[in-house]
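Analysis of the macromolecular model
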Amino acid sequence: MGDGPTADSATARQERSPSDYAGAIYGSLLAASVVAGTGPGHQPPNPGQLIALLLATGVVFWLAHVYAHLVGEKSSRALVSLTEFRVCARREWPIVQAAVPPAAAVGIGVFLGLSDAGAAWLALAVAVGSQLGWALYVAAKAGATRGRLVAAGVINLVLGLVIVLLKAALTH
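Residues numbered from 1 in each chain as written. Predicted model: local features only at pLDDT ≥ 70, side-chain atom pairs only at ≥ 80, totals over all residues. Heavy atoms only, no water.

1. Re the packing of aromatic side chains
- Under the definition given, this model contains 5 aromatic pairs.
- With centroids separated by 4.9 Å and ring planes inclined at 85°, the aromatic side chains of Trp-62 and Trp-93 adopt a geometry described as edge-to-face. With Trp-62 in helix α3 (residues 47–73) and Trp-93 in the loop between α4 (82–92) and α5 (94–97), this pair connects stretches of sequence that are 31 residues apart.
- Seen from their ring centres, Trp-134 and Tyr-137 are 5.9 Å apart, and the 85° between their planes marks the pair as edge-to-face. In this pair, Trp-134 and Tyr-137 are both assigned in helix α7 (residues 116–141), 3 residues apart and thus about one turn of the helix distant. (Phe/Tyr/Trp six-rings, centres within 6.5 Å; stacked < 30°, edge-to-face > 60°. Helix = DSSP H or I, 4+ residues; strand = E, 2+ residues; numbered from the N terminus.)

Okay, structure coming up:
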């Protein structure tokens with residue numbers, strides 16, 4: 001029995017730690033970018049294709065983040081344990097989760113009778129709204145002052161609005 005913490009106890013603590021909210025913000029921004037990037041210069045995807053594209057992009061970027069973190073953290077040795085993989089995959093999972101609300105918005109838009117373009121705009125609004133919501137949540141959870149909350153909101157709104165403006169410019 002050792003006196004200090006072990007690698008296993010550190011891994012167990014990491015497994016119990018809250019999700020990485022940066023992944024949710026990043027995933028929401030990624031989803032908005034996917035929606036904004038569809039359509040210009042070619043036939044826009046139908047709602048089913050857009051839903052698949054949003055979810056597949058979230059999964060691919062999640063896997064890329066997990067791979068990059070594991071390779072970056074473990075460059076001194078060749079093998080990564082299954083526990084290390086699970087911890088990293090769980091920490092990065094919000095990237096995938098952030099693709100779900102915009103994908104659901106596409107389906108809801110179709111159900112409500114919106115055109116394909118209308119459903120895509122709804123998905124974009126949901127993605128940008130999610131990005132803003134996560135940024136404000138994280139700032140508030142960290143105990144940010146009112147000024148820092150406003151700054152976090154403005155920064156994320158600017159990022160989201162740039163994507164919206166690009167979509168509007170590229171589709172007209």
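Having put the structure on the table, let's press on.
2. Regarding α7
- Here α7 spans 37 Å end to end across 26 residues, near enough to the 38 Å set by a 1.5 Å rise per residue.
- One or two positions beyond α7, positive phi appears at Gly-143, with a value near 80°. (Expected span 1.5 Å × (residues − 1).)

3. Re the nonpolar core
- Ala-32, Val-35, Leu-50, Leu-54, Val-106 and Leu-124 are the most contacted members of the largest nonpolar core, which totals 17 residues.
- Of all the secondary structure elements, the ones that give two or more residues to this core are α2 (21–37), α3, α6 (100–111) and α7.
- At 6 residues, α7 tops the list of elements feeding residues into this core.
- Aside from chain neighbours lying at most four places away, what touches Val-35 is Leu-50, Leu-54, Ala-120, Ala-123, Leu-124 and Lys-167.
- Of all hydrophobic cores here, the second largest spans 8 residues; its members include Val-66, Ala-89, Ile-95 and Val-96. (Core = buried A, V, L, I, M, F, W, Y, C linked by side-chain atoms within 4.5 Å. Buried < 20%, exposed > 50% of the residue type's maximum accessible area, 1.4 Å probe, protein only. Contact = heavy atoms within 4.5 Å.)

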